[in-house]
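# A look at the structure
Single-letter residue listing:
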Amino acid sequence: MAKYLLLKHYRGAPASVNDVPMDQWTPEEISAHIQYMNDFAARLEAAGEWVDGQALAPEGTFVRYDGEGRPPVTDGPFAETKDLIAGWMVIDVDSYERAIELAGDLSAAPGAGGKPIHEWLEVRPFLTAPPAITDLPPA
Amino acid sequence: MNEVLLRSLTPGVLGILVRRGADFAAAEDAVQDALVEAVRVWPADPPRDPKGWLVTVAWRRFLDATRADAARHRREDLLDEEPPPGPAPAVDDTLQLYFLCAHPSLTSASAVALTLRAVGGLTTRQIAQAYLVPEATMAQRISRAKRTVSGVRFDQPGDVATVLRVLYLVFNEGYSGDVDLAAEAIRLTRQLAAAIDHPEVAGLLALMLLHHARRAARTAPDGSLVPLAEQDRGRWDTGSIAEGVEVLQAALAWDRLGEFQAQAAIAALHADAPTAEETDWVQIVEWYDELTRLTDSPVVRLNRAVAVGQADGARAGLAALAELDPSLPRHAAVAAYLHERDGDLATAARLYAEAARQAPNLPEHDHLMRQAARLNARPRR
């Protein structure tokens, strides 16, 4: 069993096949898309594979420490930032192959014209707790 | 009241319900209800016969649920047939439950969850917490698993190897969450070993005990991993080691070697060494040869290369490593270690950093990154 993050980008992923921005879909197409996402999550839960899902606002702020006694420095959003994460799902599945299969299903969510978006999703394995029986050299 | 003691009664009680004709899924729910009730009621009013109490309450819950399902005629049939509560072939039932919960039609995650609930008596919430998933997800996983095995006849003989794989997975999950899964795996394997004479069951139990014995020494107070060679052997649990060695010796006496016995033998040789330097690496290499013969696993060959490096020198270890696929998990970590022992610190540092990037878990990542940093911090000549 392993957890994977399915990462959805506003920006930074390769272009989707059906690459029409959402604001140019019909309202019905938007509803169909949202319905697909909800159904997908419900199916994952019924399969015992669902952990979490969240969406992020597109606007964010960069923050950094600026020294003792000073308020943090904020900056951005940076228009040139390559990567902009839109949201994620966390799944708990039996294999990497299953994670890929599910990401493929999720990428089939309908967009403009009711056709699948074929959106590129990023699949990232979680770093886990160490197993009880490890073989760290030289053990 | 001892919760573990209470849970140890679970498989026997469940077995009785199933033998009385309850279907597995409904019986399992009823036993869970009875366990929850016991936790509530027993502290103030402990029963004289805990198992009999659980059977009675679980059976009543089962009948209530059956009634609610409007399966009235079936319930009445069952009521007519209800046998007197009393001793039942508990050992066989326990074994059958292990087989059912590890049935080959289940995915490993489902088999693990079902085993922990139906054999281990853990609640869905506890299992969900242990595996860091929402309770609703775990509930679905368990009910799907029950549906999957609902058509399997309870008295069908199963495969011990699948059961052992499930128990190994539970043990290896480690110790996140409230439930100590390693301790639970040991308890369940011990219970299985009592139900069936099988050298590999004993081998797995020995393997778990011998690794569990080192648990306190494996982690520094800051949570970082301590490699075997640097562990404070005074913190190893000598009781657990003694039991593991005893169980292993009994298993080996059957003269039917299997991979768990061989792995346990290696763990026993480590446990037996008063210091890391006194480890009998020559014998360990021999056991890895046995393991290679038994499993032909590339992971075993990788570990064998480490042992060869200890027994015959880093060059010999590197030669053994050269025969293996570099894409194997932890290959870079082993290569780094052997190159460091061989005196090639620059290569070792580069490989430790590469190994860190490939590490499957955070403590290993941090450990390997520290190794790279340690070598990189040395003055260059």
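As the structure is a computational prediction, the values presented were derived from the model and not from experiment.

Thresholds applied
Residues numbered from 1 in each chain as written. Chains lettered and ligands numbered in written order. Predicted model: local features only at pLDDT ≥ 70, side-chain atom pairs only at ≥ 80, totals over all residues. Helix = DSSP H or I, 4+ residues; strand = E, 2+ residues; numbered from the N terminus. Buried ≥ 20, exposed ≤ 12 C-beta atoms within 10 Å, placed from the backbone. Contact = placed C-beta atoms within 7 Å. Axes fitted to C-alpha atoms, helices over the stretch in contact; angles between N-to-C directions. Parallel < 35°, antiparallel > 145°, perpendicular 65-115°, else oblique. Left-handed = near helix turned anticlockwise from the far one by under 90°. Nonpolar A, V, L, I, M, F, W, Y, C, P; charged D, E, K, R; others polar. Pairing = 2+ DSSP bridges. Core = buried A, V, L, I, M, F, W, Y, C linked by C-beta atoms within 7 Å. pLDDT = per-residue confidence, 0-100.

## Details of the overall build of chain B
- A count of helical and extended segments in chain B gives 21 helices and zero strands.
- Taking the principal axes of its C-alpha atoms as reference, chain B extends roughly 85 × 45 × 40 Å.
- Burial analysis of chain B (381 residues in total) assigns 45% to the buried set.
- The contacts of chain B with a sequence gap of at least 6 include a subset with a gap of at least 24, amounting to 61%.

## Let's talk about the interface of chain A and chain B
- Contacts between the two partners involve 22 residues from chain A, matched on the other side by 36 residues from chain B.
- Counting residues per element, the ones that place at least two in the side of chain A that touches chain B are helix H1 (27–46) and strand S2 (50–55) of chain A.

## Describing the packing of helix H11 (residues 181–195) of chain B against helix H12 (residues 199–212) of chain B
Residue and element names in this part refer to chain B.
- Direction vectors running N to C along H11 and H12 enclose 150°, while the axes themselves pass 9 Å from each other. When the axis of H11 is compared with that of H12, the two are roughly antiparallel. Handedness of the H11/H12 crossing: left-handed. Residue-level contacts link Ala-182, Ala-185, Ile-186, Thr-189, Arg-190, Leu-192 and Ala-193 of H11 to Val-201, Ala-202, Leu-204, Leu-205, Met-208, Leu-209 and His-212 of H12.
- Residues of the contact of H11 with H12, tallied by class, amount to eleven nonpolar, two polar and one charged.

## What about the pairing of strand S5 (residues 84–93) of chain A?
Residue and element names in this part refer to chain A.
- Strand direction decides the pairing type here: strand S1 (residues 2–11) and S5, joined by nine bridges, are antiparallel. Paired with Ala-2 across the bridge in S5 is Val-93.
- Examined bridge by bridge, S2 and S5 share five bridges and lie antiparallel to one another. For Trp-50, the partnering residue across the bridge sits in S5 and is Ile-91.

## Side note on the environment of B:Ala336
Residue and element names in this part refer to chain B.
- When you line up the elements, Ala-336 lands in helix H19 (residues 331–341).
- Taking the C-beta count within 10 Å as the criterion, Ala-336 has 26 such neighbours and is therefore assigned buried.
- Residues Ala-336 and Leu-294 lie 42 residues apart in sequence; the distance between their C-alpha atoms is 27 Å.
- Look past the residues within four positions of Ala-336 in its chain and what remains in contact with it is Ala-348, Leu-351, Tyr-352, Ala-355 and Gln-371.

## Brief notes about H19(B)
Residues and elements named next belong to chain B.
- Buried residues dominate H19, accounting for ten of its eleven residues.
- Tucked inside the fold, the buried residues of H19 contact helix H17 (298–312), helix H18 (314–322), helix H20 (345–358) and helix H21 (362–376).
- Gly-343 occupies a position one or two residues after H19 and carries a positive phi of about 95°.

## Regarding the nonpolar core
- Grouped together as the largest cluster of nonpolar side chains are 129 residues, with contacts concentrated most on A:Ile91, B:Leu17, B:Ala27, B:Ala58, B:Ala206, B:Leu210 and B:Tyr352.
- Take this core: its biggest share by element is nine residues, from H12(B).
- Those residues in contact with A:Ile91 that lie beyond four places of it in its chain are A:Lys3, A:Tyr4, A:Leu6, A:Leu44, A:Glu49, A:Trp50, A:Val51, A:Ala99 and A:Leu102.

## Some remarks on the packing of helix H7 (residues 108–119) of chain B against helix H10 (residues 160–172) of chain B
Residue and element names in this part refer to chain B.
- Closest axis-to-axis distance for the H7/H10 pair is 9 Å, and the angle between their directions is 80°. Considering the angle they form, H7 stands roughly perpendicular to H10. Residues Ser-108, Ala-111, Val-112, Thr-115 and Leu-116 of H7 touch H10, and the partners they reach there are Val-166, Leu-169 and Val-170.

## Examining the confidence of the model for chain B
- When pLDDT is averaged along chain B, the result is 90, and 92% of the positions lie at 70 or above.
- Highest mean pLDDT in chain B belongs to helix H14 (residues 238–252) of chain B (98); lowest belongs to helix H5 (residues 72–81) of chain B (55).

## Overview of the sheet that holds S2(A)
All names here are of chain A.
- Spatially, S2-S5-S1-S6 is the arrangement adopted by the four strands of the open sheet, whose pairing is antiparallel. With partners counted over all chains shown, the strands left at the sheet margins are S2 and strand S6 (122–125), one partner each. When the angles between neighbouring strand axes are averaged without regard to direction, this sheet yields 20°.
- Summarising the sheet, S1 and S6 pair through four bridges and their orientation is antiparallel. Note that in S6 the partner of Leu-6 across the bridge is Val-123.

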